[in-house]
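# Structural characterization, general
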Amino acid sequence: MDRVSKDQLHYLLLKTHSLTGLVPIGAYLCVHLSVNSLRTVGVLPYQLSIDAINNLPFLIWIETIFIYIPLLFHSFMGFYLSKNARYNLARYRYPRNGLYTLQRLSGAVVFVFLVYHVGTTVVPKWTNGKHLFEAAPFLIEIMNMEFQTWTGRIIYLIGIASAAFHFANGLWGFCISWGLVVGVRAQRNAALAFSLVGVVLTVMGLATVFEFSVHPESTVPTIAGVFSGKGGG
Ligand code: HEM
């Protein structure tokens, strides 16, 4: 078999970068913000959803394979592409040119936000040994505290809006680069549809932040007694 040339490898990495932005990362973002928005219905539905996730068998493997590895690949490849991109916003002031720059900027903001977000939720959960049904009350308390300050609310406002923009604008780029949307009119309609996706994700995320901010409610584990080894998977 012939060896893969440098150009072929570059093309393959570009396509993998583009695809991982949609699945699993984009899909995860939609599911994650939807599940979090259960908090607007009540603390119990939200707690049950966290229970379901934290009782999954092989959770650490699922998260590593479907979230962390694609996320790290997409992020580092994104930084590499941004470093080698040709920015010409000062010369050509087209809206699409501005969006090209914003796509790279929002990616960097989301990366910083994620280091903070995972570092203040998942990391303390693991280091404090909060597994199974103990995870939800612990994480809910962290969120309650986070949203009692304006700093916390603003960090999440920026993180959610940047992630929603990066995903929605990325969807448009994905459709163009994979040849799914051809023609000026189709591209304009796609831009409108994806803008709506971005707005819906942002509103869902901010509604969750609002609910945590105005009704911080603590909970106890849904099923008591599982930590003494009597059940819970
Ligand atoms: C309303 C806003 C948000 C809330 C309340 C929230 C809440 C949470 C919670 C509680 C966890 C820990 C889950 C667990 O360990 O069981 C988590 C993990 C995570 N969140 Fe968020 N999140 C929000 C927004 C976001 C956004 C905008 C992104 C993407 C940029 C994001 C990406 C992640 C990732 C990648 C993880 C780690 C996944 C895992 O290990 O399960 N989150 N989030």
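None of the values given here were measured: they were computed from a predicted structure. (Residues numbered from 1 in each chain as written. Predicted model: local features only at pLDDT ≥ 70, side-chain atom pairs only at ≥ 80, totals over all residues. Heavy atoms only, no water.)

## Quick word on the overall build of the chain
- Tallying secondary structure elements over the chain gives eight helices and zero strands in all.
- The N-to-C order of helical and strand elements in the chain reads α-α-α-α-α-α-α-α.
- C-alpha extents for the chain along the principal axes are approximately 60 × 50 × 30 Å.
- Per-residue burial for the chain yields a buried fraction of 36% across its 233 residues.
- Considering only residue pairs separated by 6 or more positions, the chain has 76% of its internal contacts joining residues 24 or more positions apart.
- About 14,200 Å² of surface is accessible on the chain, with carbon and sulfur atoms providing 72% of the total. (Helix = DSSP H or I, 4+ residues; strand = E, 2+ residues; numbered from the N terminus. Buried < 20%, exposed > 50% of the residue type's maximum accessible area, 1.4 Å probe, protein only. Contact = heavy atoms within 4.5 Å. Areas by Shrake-Rupley, 256 points an atom, 1.4 Å probe, with all protein chains shown as cover.)

## Concerning the environment of V112
- Looking at the secondary structure, you find V112 in helix α4 (residues 95-120).
- Separated by 47 residues in the primary sequence, V112 and G159 have C-alpha atoms spaced 8.6 Å apart.

## Here's the deal with the coordination of the iron atom of the ligand
- The protein atoms donating to the iron atom of the ligand are H32 (NE2) and H117 (NE2), with metal-donor distances spanning 1.9 to 2.0 Å.
- Geometry at the iron atom of the ligand is octahedral, judged from the six donor atoms that bind it and their angles of 85 to 180° at the metal. Linking H32 in helix α1 (residues 6-36) with H117 in helix α4, this pair joins segments that are 85 residues apart in sequence. (Donors = N, O, S within 2.8 Å, 3.2 Å for Na, K, Ca; no water. Tetrahedral: all angles 85-135°; square planar, octahedral: opposite > 155°, others 65-115°.)

## Description of the packing of α4 against helix α7 (residues 150-177)
- Their axes nearest at 8 Å, the elements α4 and α7 cross at an angle of 135°. Taken as axis vectors, α4 and α7 run oblique relative to one another. Here the hand of the crossing between α4 and α7 comes out left-handed. Along the contact surface, α4 presents R96, L99, L102, Q103, S106, G107, V109, V110, F113, Y116 and H117, while α7 presents I155, Y156, I158, G159, S162, A163, F165, H166, N169, G170 and W172.
- In the contact of α4 with α7, the residues fall into twelve nonpolar, nine polar and one charged. (Axes fitted to C-alpha atoms, helices over the stretch in contact; angles between N-to-C directions. Parallel < 35°, antiparallel > 145°, perpendicular 65-115°, else oblique. Left-handed = near helix turned anticlockwise from the far one by under 90°. Nonpolar A, V, L, I, M, F, W, Y, C, P; charged D, E, K, R; others polar.)

## As for the environment of N84
- Within the secondary structure layout, N84 lies in the loop between α3 (59-83) and α4.
- Given the relative accessible area of 47%, N84 is considered partly exposed.
- Separated by 63 residues in the primary sequence, N84 and F147 have C-alpha atoms spaced 38 Å apart.

## Remarks on the site of the ligand
- Around the ligand, 25 residues are found, and the nearest of them are H32, E63, Y68, H117 and K125.
- H32 places a polar side-chain atom, nitrogen or oxygen, 2.8 Å from a nitrogen atom of the ligand.
- Separating a nitrogen atom of the ligand from a side-chain N or O atom of N36 is a distance of 3.4 Å.
- Those elements that place two or more of their residues in the shell around the ligand are α1, α2 (43-54), α3, α4, α5 (122-127), α6 (135-146), α7 and α8 (184-214).
- When grouped by side-chain class, the residues that make up the shell around the ligand number 16 nonpolar, seven polar and two charged. (Near = heavy atom within 4 Å. Polar contact = N/O pair within 3.5 Å; in protein donor to acceptor, adjacent residues only side chain to side chain.)

## What to know about the nonpolar core
- In terms of nonpolar packing, the biggest core is built from 14 residues, with I50, I140, F147, Y156 and F212 touching the most fellow members.
- Going through the elements one at a time, α2, α6, α7 and α8 are the ones with two or more residues in this core.
- Here the element with the most residues in this core is α6; it accounts for five residues.
- If we ignore the near neighbours within four places in the chain, the residues touching I50 are A136, L139 and I140.
- Of all hydrophobic cores here, the second largest spans 13 residues; its members include L29, C175, A190 and F194. (Core = buried A, V, L, I, M, F, W, Y, C linked by side-chain atoms within 4.5 Å.)

## Looking at α4
- The terminal C-alpha atoms of α4, which comprises 26 residues, lie 36 Å apart, in line with the 38 Å expected from a rise of 1.5 Å per residue.
- What α4 keeps buried is the set N97, T101, Q103, S106, G107, V110, F113 and H117.
- Taken together, the buried residues of α4 touch α1, α6 and α7. (Expected span 1.5 Å × (residues − 1).)

## Points about the state of the cysteines
- With the rule as written, the count across this model stands at zero disulfides.
- With no disulfide partner, C30 has as its closest neighbouring cysteine sulfur the one in C175, 13 Å distant.
- Judged by relative accessible area, which is 25%, C30 ranks as partly exposed.
- For C175, a relative accessible area of 11% translates into the label buried. (Disulfide = S-S within 2.5 Å.)

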